[in-house]
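Structure at a glance
As a plain string of letters, each chain reads:
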Amino acid sequence: MMSFWVKLCFKTAAPKQHHFHIPKHSIVAWMAILNRLPTRDRLSSFGMQVETGCVLCGREQETRDHIFFDCVFSRKVWLGILLACQLRRDCMTWELELGWAVARLKGRSLLTVILQLSWNTFIYVIWKERNLRIFQRKFSHEDSLIHSIKDIVSIRLRGKPVSRVSEINSRLCIEWRLV
Ligand SMILES: [Zn+2]
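As a starting point, this report considers the structure included with it. What you are looking at is a predicted structure, and each value in this text was computed from that prediction instead of being measured.

**Structural notes on the overall build of the chain**
- Along the chain, the regular secondary structure elements total nine helices and zero strands.
- Counting from the amino terminus, helix and strand elements in the chain follow one another as α-α-α-α-α-α-α-α-α.
- Out of the 179 residues belonging to the chain, those deemed buried represent 29%.
- In the chain, the share of contacts with a sequence separation of at least 24, taken over all contacts with a separation of at least 6, comes to 55%.

Here it is as structure tokens:
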């Protein structure tokens, strides 16, 4: 189990370990992996008097596992990203998505690089949306977050040498505007 965490943390989220990483996104993802983000269930367990509901869906309790891949709001965002990666599958639980990321995000293919960046950026924008809703009463739509993630990844990768020889790469270049 330890090697699982080490592998994921160092290859997927740890700052400075990833060639294309975006530091502030990697830090939030790293904290999420360690379950150190101040989610409402954790604040409550520390004895703080806080609301316990999820501000993204307004239906469930806010936990790390809920807000990132279980919440109807974040599921829609992640499914939009998977679809943009030409991956047609359902959104899974936090644990399974994490396991999938560890197993899947190896190598240097364009798809892998996009997914690595997207995974961290997804965690970052969901956490940011949660904070904006709680502290500034600002609400964005799921589609707007999908656009944000795609913009961030696109800007990060634009100008980098990308092979468009394969069909998957040429489709990814169009979808992620890497031209
Ligand atoms: Zn929710």
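The rest of the description comes next.
**A few points about the environment of Asn-120**
- The topology assignment puts Asn-120 in helix H7 (residues 110-136).
- C-alpha of Asn-120 to C-alpha of Lys-24: the two residues are 96 residues apart in sequence and 9.4 Å apart in space.

**Some points on the nonpolar core**
- With 33 residues, the main nonpolar core has Ala-29, Val-77, Ile-114, Phe-122, Ile-123, Ile-126 and Ile-149 as its most contacted residues.
- The set of elements that each furnish at least two residues to this core consists of helix H2 (23-33), helix H4 (64-70), helix H5 (72-84), H7 and helix H8 (142-157).

**Examining the packing of H2 against H7**
- One way to put it is that H2 packs onto H7 with a least axis distance of 8 Å and a crossing angle of 80 degrees. Put simply, H2 runs roughly perpendicular to H7. Residue-level contacts link Lys-24, His-25, Ser-26, Val-28, Ala-29 and Ala-32 of H2 to Asn-120, Thr-121, Ile-123, Tyr-124 and Trp-127 of H7.
- Of the residues that constitute the contact of H2 with H7, the class distribution is six nonpolar, four polar and one charged.

**Describing the packing of H5 against H7**
- Interhelical geometry of H5 versus H7 gives an angle of 155 degrees and a closest axis separation of 11 Å. The orientation of H5 relative to H7 falls into the category roughly antiparallel. Viewed along their axes, H5 and H7 form a crossing whose handedness is right-handed. The segment H5 lies against H7, with Ser-74, Val-77, Trp-78 and Ile-81 engaging Ser-118, Phe-122 and Ile-126.
- Considering only residue class, the contact of H5 with H7 consists of five nonpolar, two polar and no charged.

**Looking at unusual backbone geometry**
- The phi angle at Arg-137 is positive, at roughly 55 degrees, despite the residue not being glycine.
- When you line up the elements, Arg-137 lands in the loop between H7 and H8.
- Since 8 C-beta atoms lie within 10 Å of it, Arg-137 is described here as exposed.
- A positive phi angle is found at Arg-177, which is not glycine, with a value near 50 degrees.
- Structurally, the position occupied by Arg-177 is in the segment after helix H9 (167-175).

What counts and what doesn't
Residues numbered from 1 in each chain as written. Predicted model: local features only at pLDDT ≥ 70, side-chain atom pairs only at ≥ 80, totals over all residues. Helix = DSSP H or I, 4+ residues; strand = E, 2+ residues; numbered from the N terminus. Buried ≥ 20, exposed ≤ 12 C-beta atoms within 10 Å, placed from the backbone. Contact = placed C-beta atoms within 7 Å. Core = buried A, V, L, I, M, F, W, Y, C linked by C-beta atoms within 7 Å. Axes fitted to C-alpha atoms, helices over the stretch in contact; angles between N-to-C directions. Parallel < 35°, antiparallel > 145°, perpendicular 65-115°, else oblique. Nonpolar A, V, L, I, M, F, W, Y, C, P; charged D, E, K, R; others polar. Left-handed = near helix turned anticlockwise from the far one by under 90°.

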